[in-house]
Amino acid sequence: MKKIHHFATSAFAALCLIVFSATAFAQAPVQRQVDGIIAKVDNHIILRSDLEFGYLQYLAQSKQQPSEDLKCQIFTSLLQDKLLLARAEIDSVVVEEGTVTGQLNQRIEYLASQVGGTDRLEQYYNKSLKQLKDELRKTVREQLVMEQMQRNITGKVSVTPNEIKRYFNAIPKDSLPYFSTEVEIGQIVNFAEIGREQKQEARQKLEKLRERILAGEDFATLARQYSQDPGSAQAGGELGFFKKKELVPEYEAAALRLEPGGISNVIESQFGFHLIQLIERRGQEFNTRHILIKPATATVDVAAAAEDLEKVRELIQSDSLTFAQAAKEYSDDKGTKDNGGMITSRSTGATYITMDQVDPAIFFVIDTMQVGEVSKPVPFTTPDGQEAMRIIYLKSKTTPHLANLTDDYQKIANAALAQKRSKAVSEWFAKNIGTVYIEVDPEYQDCSGLQQLTQ
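The rules we used
Residues numbered from 1 in each chain as written. Predicted model: local features only at pLDDT ≥ 70, side-chain atom pairs only at ≥ 80, totals over all residues. Heavy atoms only, no water. Helix = DSSP H or I, 4+ residues; strand = E, 2+ residues; numbered from the N terminus. Contact = heavy atoms within 4.5 Å. Areas by Shrake-Rupley, 256 points an atom, 1.4 Å probe, with all protein chains shown as cover. Patch = residues over 30% accessible without salt bridge, like charges linked within 9 Å, V, L, I, M, F, W, Y side chains within 5 Å. Salt bridge = Lys/Arg side-chain N within 4 Å of Asp/Glu carboxyl O. Lys, Arg positive; Asp, Glu negative; His and termini not counted. Charge placed at Lys NZ, Arg CZ, Asp CG, Glu CD. Buried < 20%, exposed > 50% of the residue type's maximum accessible area, 1.4 Å probe, protein only. Expected span 1.5 Å × (residues − 1). Pairing = 2+ DSSP bridges. Axes fitted to C-alpha atoms, helices over the stretch in contact; angles between N-to-C directions.

A.B. asks: Help me understand the overall build of the chain, please; the structure alone is not making it clear to me.
C.D. replies: In terms of regular secondary structure, the chain is built from 15 helices and 15 strands. Residue pairs at least 24 apart in sequence account for 68% of intrachain contacts in the chain once pairs closer than 6 positions are excluded. Carbon together with sulfur atoms contributes 49% to the accessible area of the chain, which is approximately 25200 Å² in total.

Put into structure tokens, the structure is as follows:
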């Protein structure tokens, strides 16, 4: 195993750290103080502020008491992450750019939903959506690479029924977990659509602007005056360079059909109506400016949304469709439609949710429902203010009980598998830590977790 070298810390400029969690976004943006490197793993570094932020966030989430041992554990975890990234480079493990973009967009959508929409997100950080995505892309890519590396390490790990039973029997009887009431809930969502009249008004506004531009007026000037995209309007509508598949398909298709300087027809996307000008192509990248007009949303047809959902409910009740099939085909909620419509726990990712974590709006719907029932359409408003209707499915409901193999077999199996995978990862670290060059600040040389990692 290669020796772990140590060195003096050096100063780095203040940086802004944005963490992908609702907790972090609920707080004010965290500014790093001038700090230095405390570890290097090949070309990857850990800053002192990385450790301090991770440590403080973990304390806030776990309610544990501060301790140097805990800080050492966080440091060791960060070091392991960098080792995964370093080995990924050696093993040529990469993720497709389209996958990175998809994950980035999903996370931005979720974070925007937590603060009330993309406009609020941009205001909160005083940055355009493009700037936020540019800053976060590297972090998302690294997370996906680490996840792929862990899948490579643990992909073939499995547990047998006997291993699950042994795992459960090894838990002291007085340490068995007590499970409170849990439910599995599904939903099918139908967004109330903007009326045809509002859409037509938005399209006509852009058609008139297009005529003015073709008659000689400056596109950028009109974008500053009329565009409803706060992230680009002040820049004359310019978005900057993007690669293929990084923008919504309708926008990209229209932009790539243009020659530099060309003006598109009015096109519609999920964000509204666009008028696009291609500024420049550069290899696989292209730069555009646009004017965005959003249809007025004062009037949406909630009754029509409810009527459509009632028809879907009737199909489910007549066994013409399963709830999962109906969700995939009819739900407008991207977060659940490909998961059988099931809502998952934010903390565990599982479909079982304790009653105290159920959205209050859903709680009062399912409170009088029987397992297997699908509710009538009920109204709700999405976090970004969009009016919608949904039907709720109560798939299962447990009673409070001590853990047992009969009622909780899948949970116990998941725990046993997690333990076995953790062991596989630890063995991989022990085997591979000597294959990369590591430097650690003297302050952290004696961390117990680090000593175990390097033995």
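A.B. asks: Just to check I follow, could you spell out a negative patch on the surface for this structure?
C.D. replies: Taken together, E193, E307, D308 and D332 make up a surface patch of like negative charges. Inspection of the secondary structure puts E307 in helix α11 (residues 302-317). Judged by its relative accessible area of 48%, E307 is partly exposed.

A.B. asks: Looking at this model, I keep getting lost on helix α3 (residues 68-90). Mind explaining?
C.D. replies: Counting along an α-helix, one turn takes 3.6 residues, and residues three or four places apart therefore face a common direction. With 23 residues, α3 should reach 33 Å at 1.5 Å per residue; the first-to-last C-alpha distance of 33 Å fits that figure. Of the residues trailing α3, S92 is marked for its positive phi of about 60°.

A.B. asks: Before we go on, may I ask you to explain the side chain of T181 in this structure?
C.D. replies: By the secondary structure assignment, T181 is in the loop between β5 (178-179) and β6 (182-191). With a relative accessible area of 19%, T181 lands in the buried category. Non-local contacts of T181, meaning those with residues more than four positions away in its chain, are made with I353, T354, M355, K397, T398, T399 and P400.

A.B. asks: Explain the sheet that holds strand β3 (residues 37-41) to me, please; I cannot follow it from the model alone.
C.D. replies: In a beta sheet, neighbouring strands pair by backbone hydrogen bonds and run either parallel or antiparallel. Strand order in the open sheet made by the 3 strands is β4-β3-β15, with antiparallel pairing throughout. Of all strands in the sheet, those with a lone pairing partner are β4 (44-47) and β15 (438-440), marking the two edges. In this sheet, neighbouring strand axes are inclined to one another by 15° on average, regardless of whether the strands run parallel or antiparallel. Pairing geometry for β3 and β15, over 3 bridges, is antiparallel. Paired with A39 across the bridge in β15 is V440. Most of the contacts of α3 go to β4, to which it runs at about 165°, and overall it touches β3, β4 and β15.

A.B. asks: Would you mind showing me how to read the pattern of salt bridges here?
C.D. replies: Close approach of charged atoms allows side chains with opposite charge to pair. Using the criterion set out here, one finds 15 salt bridges in the structure. R212 is paired through a salt bridge with E217; the nearest N and O atoms lie 2.9 Å apart. In this structure, a network of salt bridges that share partners links the residues E97, R137, R141 and E246.

A.B. asks: Please clarify how unusual backbone geometry should be interpreted in this entry.
C.D. replies: Trans peptide bonds make up most of the peptide bonds, and negative phi angles are found at most residues other than glycine. For S92, which is not glycine, the phi torsion reads 60° and is therefore positive. The residue S92 is located in the loop between α3 and α4 (97-115) in this model. S92 sits in the exposed class, given a relative accessible area of 59%. A positive phi angle is found at D319, which is not glycine, with a value near 65°. Classification of D319 by relative accessible area gives exposed; the value is 69%.

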